[in-house]
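Examination of the molecular architecture
Given next are the chains, with one letter for each unit.
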Amino acid sequence: MHDFQESLSASHRASDLPIWEEVYRSAFPSFCAMVDHREDGEHQRAGIDRSVVLQNSKQILIDEKIRWKPYDDIALEYLSNDRTGAPGWVCKPLRADYIAYAIAPLGRCYLLPVVQLQIAWSRKGEMWKATCPHIKAKNYNYTTHSVGVKPSELFPAIGSAFRVTFTPLESLKEASYA
């Protein structure tokens, strides 16, 4: 049984871990600083746990997730609250640029680009719900639903969202573009 206040407290403890700076310095070579957004406010309500600031002042918004057991999958939350029907983070509108998904005992963090992750979910989510292990997190009045997708299956789906096909120009009439 999950308790929101306990989960929030654990999340705050996790945000103090040194792994996050190590991850962001490694992932973003022009890392300059990072800002923790744990306090209740606009960032938290938008699902932003941290901002990473690059040397050129670009700000990257990150939603951090951590798992404390050595799982070999990535739990994609598709239903946050089964009582209200609230969608999970893999399919609801997010302001975050990345989900930083750390598996603490493995020393591994997956940076999931949100837009491409959600495109992958829209294309393959129903298949994953039918073929991947279901993960149910019971809370006091509701259950959160996720599916565990192997990185070897998830990352090609994310990668395909970076490639877009369009009608080749030679098959269109040149006159319409002259």
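Here the residue index of a chain counts from 1 through its sequence in written order. For this predicted model, a pLDDT threshold of at least 70 governs which residues receive local features, and a threshold of 80 or more governs which side-chain atom pairs are given and counted, while totals over whole chains, interfaces and linings are taken from all residues. Hydrogens are left out, water is left out, and the side-chain values use all remaining heavy atoms of the structure.

Things to note about the pairing of strand β7 (residues 108-113)
Looking along a regular strand, one sees side chains alternate from face to face of the sheet. As a reminder of what qualifies: Pairing between two strands is assigned when DSSP locates at least 2 bridges connecting them. A run of H or I in DSSP counts as a helix once it spans at least four residues, and a run of E counts as a strand once it spans at least two, with each numbered from the N terminus.
Pairing geometry for strand β6 (residues 98-103) and β7, over six bridges, is antiparallel. From the neighbouring strand, Ala 102 faces β7, where its bridge partner is Cys 109. Connecting β6 to the next strand, β7, in antiparallel fashion are four residues, including Gly 107 with a positive phi near 65°.

Some points on the sheet that holds strand β5 (residues 86-87)
Put simply, the rule is: Whether two residues are in contact is decided by their heavy atoms, any of which lying within 4.5 Å being enough. Only the contacting stretch of a helix is used when fitting its axis, a line to C-alpha atoms as for every element, and angles between N-to-C directions run 0 to 180 degrees.
Taken in spatial order, the four strands of this open sheet run β5-β4-β9-β8, and their pairing is antiparallel. Here the strands that pair on one side only, and so sit at the sheet edges, are β5 and β8 (134-138). Direction of pairing for strand β4 (residues 74-81) relative to strand β9 (residues 143-149): antiparallel, over a ladder of five bridges. Within the sheet, the bridge partner assigned to Ile 74 lies in β9 and is Val 149. Running at roughly 85° to β4, helix α4 (residues 114-131) makes contact with β4, β8 and β9 of the sheet. The strands touched by helix α5 (residues 151-160) within the sheet are β4 and β9, with β4 carrying the most contacts at an inclination of about 75°.

Treat this as a map of the structure, not an account of what it does.
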